[in-house]
Structures are given as C-alpha cells and as structure tokens.
Amino acid sequence: MALSGISRVRRQLPASPWLFAAPGLLVTGAFVLYPFVSTLVNSFTDRRTLIPGRFVGLANFRELLHDDMFWTGLRNSTLYVLGVVPLLVVLPLLLALLVQKNIPGITFFRSAFYTPVVASIVVVGLIWVWLLDDRGLVNAVLETVGVGRVGFLSDQWLLLMSAMAVTVWKGLGYYMIIYLAALGNVPRELHEAAAVDGAGAVRRFLSVTVPAVRSTMVLVGALSSVAAFKVFSEVYLLAGPSGGPAGEDTTLVMLVQRTGTGLTGRVGYASALSVVVFAVTVALMLLVLRADRKEDS
C-alpha cells in the first residue's frame, strides 16, 4: 500500500527530485560554474575593471610568455610545491602514529596539534610576522645567544621558506586527522605478525603501515599539491602586497590578485593567469593519480 502511494506521488510530481536538488544546483551554478565560465571568457579579452573588453584571442597568453613576473610567480609556486608537499605527506603520518596511542593525556596533544587548523590564517600570519621580524622574538633570542639577527622576512629565499614553514605548521593537524582515519582501518594482526617475525618498529612502519595507507598518502599528496601551488595568504601576510624584496617572492595567485584588482585592474590578463593556475593544478592532480596507478600496475 505504501509503495503504491509513493509511486502515485512520483507520477504526480515527476520533477520532485530536481526540486530537492535545486538549491544546491543554484549555489553551485552561481558561485562555481558561472565564475569559471566568466573567467575563461574574460581570458580572451582585454577587459579592465571599469571598461568592457573586446575579444583579443590568445594575446593575453602570448603576453604571459614575455612577462618576467609570470615566470617569477611560476618559479615560486613550483618551489612551494616541492618544498611543502613532501613534508605534508610524511610528517602528518608520523604525527598520526604518535597520537594514535591510547596513553593518558593524549587527547590534549591531539587538540593542540589540530588547533592551528581552525585558527584564522590572518591571526597565524600576524603571529609569525611578530616572531620572525627583524625585531621579533626569534631574532631577539638569536642575538642573545650571539648568532646575530637573521633576515627571515627581508631575504628572498628565507622569506619563501618561512612561508613554507607556516603552511606546514598550519596543515599538519588537518592531514593528521585524515591519516588517523586511515590508520584505524589497518588490521592490528598485520603488526603482530610482523613483530613475531622479528620486524622492528621502523621495519613495521615501512612494510605494514606505509603500504596500508598508501592510497591516503596519494590523496594527501594531491590535496597538498593543489593547495601549495595556489598559496596566497601565507606569502602575502609575510611578504606584504609587494611580494617581498623587489617582488621576488610573488606567487601566481598573488600576481592574479595584484593584476586584476583596483580601478585599473587588467581583468582579462588576470583571467588568463587564473586559467594557467587552473590548468597546472589539474595537471598536478593527474600526475599524482597517474603515478599511483603506475605503482599499482
């Protein structure tokens, strides 16, 4: 009887599933699909903030190839991926193994490691600026012990590495939670069998833990690669709007923001930069997934 009633409702309201999905589809279309299509269209125009653009074909993309700041941003974004991703794949796994143990007080450490994740990036950035400034706490300690002041925020490469440290510190807890969920599915019998065979802690980690969570490591690698290549807040807060000394620490996303905003912003050129960022991030994810499939085969 109930089934016949449901069938009757379905015949009377054939579009009812779409009514339930409509709010989500509207939000996705308004805030994801439309901006993506608009950016793609604008990348082929010379549009500015207050001036409607005209179609210029691939002129914006050709200009990218001769723009020194584009290559500087591409270099810094690539270095960011190479410096951050390996640490965010390995360190959270080790941290998850540490806090997985049920010992007194471990809940406090789990919460402490996760706190940077929920902290505002602006607050985190200001704290690190206060720590690493020429007159900050770290330099005060270094000067006290006789090392002297270090230009963490004034040297091109030290500033970039400082921003990487902020990204790693803030992301450890997030990826630790992902690994904790994966480690909970690793059968304890595998570790016990390896221990009976005489395998030590390091050997069990390499032979049991790593193969068991390898798919999670691939996921973490893909997520952290995309996030690292699109980095903005950390470098912006530490280096300022100029992108560090002579703009040498500018990333691609910072270049998009700098080029496309303001009353005279070059929206078309910034859109072309955004399309390049999108293409590279998709390529990074495909490379990670391809490497995973190749290892499986």
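This text goes with the structure placed above it.
All values derive from a computational prediction rather than experimental measurement.

Things to note about the pattern of salt bridges
Turning to step 1, where the next piece is worked out: By the definition in use, this model includes 4 salt bridges.
Turning to step 2, where the next piece is worked out: Between R266 and E63 there is a salt bridge, with the nearest N and O atoms lying 2.9 Å from each other. Here R266, found in the loop between α13 (252-260) and α14 (267-296), pairs with E63, found in helix α3 (residues 59-65); they are 203 residues apart in sequence, far enough to count as distant.
Turning to step 3, where the next piece is worked out: Assessed through its relative accessible area of 31%, E63 is described here as partly exposed.
Turning to step 4, where the next piece is worked out: Here R75 makes a salt bridge to E248, at a shortest N to O gap of 3.3 Å. One end of the pair, R75, is in helix α4 (residues 68-99); the other, E248, is in the loop between α12 (233-239) and α13, with 173 residues separating them in the sequence.

Some words on the environment of V267
Turning to step 1, where the next piece is worked out: With respect to the helices and strands, V267 occurs in helix α14.
Turning to step 2, where the next piece is worked out: The exposure class assigned to V267 is buried, which follows from its relative accessible area of 19%.
Turning to step 3, where the next piece is worked out: Taking the C-alpha atoms as reference points, V267 and T49, separated by 218 residues in sequence, lie 6.1 Å from one another.

Regarding the packing of helix α8 (residues 156-183) against helix α11 (residues 214-229)
Turning to step 1, where the next piece is worked out: Contact pair α8 / α11: the axes reach a minimum separation of 10 Å and the direction vectors enclose 160 degrees. In terms of their interaxial angle, α8 and α11 are classed as roughly antiparallel. Between α8 and α11 lies a crossing of right-handed hand. The residues of α11 that touch α8, namely those facing Y175, I178, Y179 and A182, are T216, M217, L219, V220, L223 and S224.

Focus on unusual backbone geometry
Turning to step 1, where the next piece is worked out: For A246, which is not glycine, the phi dihedral falls at a positive 60 degrees.
Turning to step 2, where the next piece is worked out: Here A246 falls in the exposed class, since its relative accessible area comes to 73%.

Some points on the nonpolar core
Turning to step 1, where the next piece is worked out: Ranked by internal contacts, the top residues of the largest apolar core, which has 57 residues, are L64 and Y80.
Turning to step 2, where the next piece is worked out: Here this core takes 13 residues from α8, the largest share from any one element.

A closer look at a nonpolar patch on the surface
Turning to step 1, where the next piece is worked out: A cluster of nonpolar side chains, contributed by L33, F36, V37, L40, V41, F278, V282, L286 and L289, occupies part of the molecular surface with about 760 Å² of accessible area.
Turning to step 2, where the next piece is worked out: Residue assignment for the nonpolar patch shows that the elements contributing at least two residues are α2 (16-42) and α14.
Turning to step 3, where the next piece is worked out: When residues of the nonpolar patch are assigned to their parent elements, the largest contribution, 5 residues, is made by α2.
Turning to step 4, where the next piece is worked out: Along the polypeptide, V282 turns up in helix α14.
Turning to step 5, where the next piece is worked out: Since its relative accessible area comes to 34%, V282 is described here as partly exposed.

So, the side chain of S225
Turning to step 1, where the next piece is worked out: Within the secondary structure layout, S225 lies in helix α11.
Turning to step 2, where the next piece is worked out: Residue S225 is classed as buried on the basis of its relative accessible area of 5%.

Some remarks on the side chain of T209
Turning to step 1, where the next piece is worked out: As for its placement among the helices and strands, T209 is situated in helix α10 (residues 201-212).
Turning to step 2, where the next piece is worked out: Leave out the neighbours within four places in its chain, and T209 touches L97, L183, H191 and R204.

What about the environment of D155?
Turning to step 1, where the next piece is worked out: The residue D155 is located in the loop between α7 (137-144) and α8 in this model.
Turning to step 2, where the next piece is worked out: We classify D155 as partly exposed; its relative accessible area is 33%.
Turning to step 3, where the next piece is worked out: Along the chain, D155 and P245 lie 90 residues apart, while their C-alpha atoms are 7.2 Å from each other.
Turning to step 4, where the next piece is worked out: A polar side-chain atom of D155 sits 3.1 Å from the main-chain amide nitrogen of W157.
Turning to step 5, where the next piece is worked out: Polar contacts involving the side chain of D155 include one to the main-chain amide nitrogen of L158, which spans 3.0 Å.

A word on the packing of helix α6 (residues 121-132) against α8
The axes of two packed helices give the description: the angle between them and the distance between them.
Turning to step 1, where the next piece is worked out: At a closest axis distance of 11 Å, the pairing of α6 and α8 adopts a crossing angle of 135 degrees. When the interaxial angle is binned, α6 and α8 end up oblique. The interaxial crossing formed by α6 with α8 has right-handed handedness. Counting all contacts with α6, which are made through I121, V124, W128 and L132, the residues of α8 involved are S162, A165, V166, W169 and K170.
Turning to step 2, where the next piece is worked out: Class assignment of the residues belonging to the contact of α6 with α8 gives a composition of 7 nonpolar, 1 polar and 1 charged.

Calculation notes
Residues numbered from 1 in each chain as written. Predicted model: local features only at pLDDT ≥ 70, side-chain atom pairs only at ≥ 80, totals over all residues. Heavy atoms only, no water. Salt bridge = Lys/Arg side-chain N within 4 Å of Asp/Glu carboxyl O. Helix = DSSP H or I, 4+ residues; strand = E, 2+ residues; numbered from the N terminus. Buried < 20%, exposed > 50% of the residue type's maximum accessible area, 1.4 Å probe, protein only. Axes fitted to C-alpha atoms, helices over the stretch in contact; angles between N-to-C directions. Parallel < 35°, antiparallel > 145°, perpendicular 65-115°, else oblique. Left-handed = near helix turned anticlockwise from the far one by under 90°. Contact = heavy atoms within 4.5 Å. Core = buried A, V, L, I, M, F, W, Y, C linked by side-chain atoms within 4.5 Å. Patch = residues over 30% accessible without salt bridge, like charges linked within 9 Å, V, L, I, M, F, W, Y side chains within 5 Å. Areas by Shrake-Rupley, 256 points an atom, 1.4 Å probe, with all protein chains shown as cover. Polar contact = N/O pair within 3.5 Å; in protein donor to acceptor, adjacent residues only side chain to side chain. Nonpolar A, V, L, I, M, F, W, Y, C, P; charged D, E, K, R; others polar.

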